Structures are given as C-alpha cells and as structure tokens.
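Inside the fold
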Amino acid sequence: MPKVRGLTRQQREKAEVRRVSDDILEVIRTKRGQEEKSFMQVAEDVGLTRDQYQRWRANGIGSARVEKAVIAAYRSGYRLELVPIKGG
C-alpha cells in the first residue's frame, strides 16, 4: 500500500482560505434565498459591487481584501471569529 503524504503548510493554508470563503459565500447565498432578493440587491446589502460579488461567486474570496470579507459577513448577520487551531 503506497504511503499517503500529509498536506504541505501551503496546501493547509489554501484549504483554510477556501473553507472561510465558502462559509462566507454560503451565508450570502442563504441571505439571498431567505429574503428573495436579486444578486444585485444582495451585493448592495453586503457592501459589494455586482462585479465583486460575481468574482467572489466564480473564484472564491481568496484574493479579496479581508476588510470586504469581514464587512460582507457582518452585513449578512455574521461575525468572523478567530478560533485557536488545536495542535496548530
């Protein structure tokens, strides 16, 4: 049976960024569905331009400024928290 290598630090970090990105986008999608709003209305509600929102949906928010991500989550009714990583 071949040895399975663990993820590199860079791969773990990228996975964490993707996880947070996915969580934020899911919150925004949920808000859109609950309030029955258009993409444009949701983008405005969370402080994004339509183009920014579309880029986030297509590519994730990994390249977004942290400020925009925090504001978008906050305006969607959520607060990002730093939680210690066990064993990290």
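The preceding data block contains the structure.
One structure accompanies this document, and this report is about it. (Residues numbered from 1 in each chain as written. Predicted model: local features only at pLDDT ≥ 70, side-chain atom pairs only at ≥ 80, totals over all residues. Heavy atoms only, no water.)

**Quick look at the overall build of the chain**
Here is the rule: Secondary structure elements follow DSSP: runs of H or I of four or more residues count as helices, runs of E of two or more count as strands, with numbering from the N terminus. Accessibility here uses a 1.4 Å probe with only protein chains present; expressed as a share of the type maximum, an area under 20% marks a residue as buried, one over 50% as exposed, and anything in between as partly exposed. Contact criterion: two residues are considered in contact whenever any of their non-hydrogen atoms come within 4.5 Å of each other. Only the protein chains shown count as cover for residues, and all accessible areas are computed by the Shrake-Rupley method using a 1.4 Å probe. Charge assignment in this entry is limited to Lys and Arg as positive and Asp and Glu as negative, and neither His nor the chain termini are counted. Working definition for charges: the position is that of NZ of Lys, CZ of Arg, CG of Asp or CD of Glu.
From N to C terminus, the chain includes 4 helices and 0 strands. Secondary structure elements of the chain, listed N to C terminal, follow the sequence α-α-α-α. Projected onto its principal axes, the C-alpha coordinates of the chain cover approximately 50 × 25 × 25 Å. Burial status across the chain gives 23% buried among its 88 residues. By sequence separation, contacts in the chain at least 24 residues apart represent 49% of the contacts at least 6 residues apart. Entry remark: accessible area of the chain is about 7,300 Å², with carbon and sulfur atoms responsible for 51%. Of the side-chain charges in the chain, 19 are positive and 12 negative, and the distance between the mean point of each set is 7 Å.

**Details of the packing of helix H1 (residues 9-35) against helix H3 (residues 50-59)**
What counts, and what does not: Only the stretch in contact is used when a helix axis is fitted, and all axes are lines through C-alpha atoms; the angle between N-to-C directions ranges over 0 to 180 degrees. With respect to orientation, any angle under 35 degrees is reported as roughly parallel, any angle over 145 as roughly antiparallel, any angle of 65 to 115 as roughly perpendicular, and every other angle as oblique. Whether a crossing is left-handed or right-handed is set by the direction in which the near helix is turned from the far one by less than a right angle, anticlockwise for left-handed and clockwise for right-handed. Note that Gly is not counted as nonpolar here; it falls among the polar residues with everything else outside the nonpolar set of Ala, Val, Leu, Ile, Met, Phe, Trp, Tyr, Cys and Pro and the charged set of Asp, Glu, Lys and Arg.
At a minimum axis separation of 10 Å, H1 and H3 run at an interaxial angle of 125°. For the element pair H1 / H3, the angle class is oblique. Every pair of crossing elements has a handedness; the one defined by H1 and H3 is left-handed. Of the residues in H3, those touching H1 at Arg18, Ile24, Leu25 and Ile28 are Tyr53, Trp56, Arg57 and Asn59. Partitioning the contact of H1 with H3 into residue classes produces 5 nonpolar, 1 polar and 2 charged.

**Some remarks on the environment of Glu26**
For Glu26, the location among the structural elements is in helix H1. C-alpha of Glu26 to C-alpha of Arg65: the two residues are 39 residues apart in sequence and 18 Å apart in space.

**A word on the pattern of salt bridges**
To keep it simple, the criterion reads: Take a side-chain nitrogen of Lys or Arg and a carboxyl oxygen of Asp or Glu: if they are within 4 Å of each other, that pair is a salt bridge.
Scanning the entire structure with this criterion turns up 5 salt bridges. Arg19 serves as the salt-bridge partner of Asp23, at 2.9 Å between the closest nitrogen and oxygen. Remark: Arg19 and Asp23 occur in helix H1; sequence separation between them is 4 residues, near one turn of the helix. Residue classification places Asp23 among the partly exposed positions, given a relative accessible area of 40%. Overall, the relative accessible area of 40% leaves Arg19 in the partly exposed class. Asp45 is paired through a salt bridge with Lys37; the nearest N and O atoms lie 2.3 Å apart.

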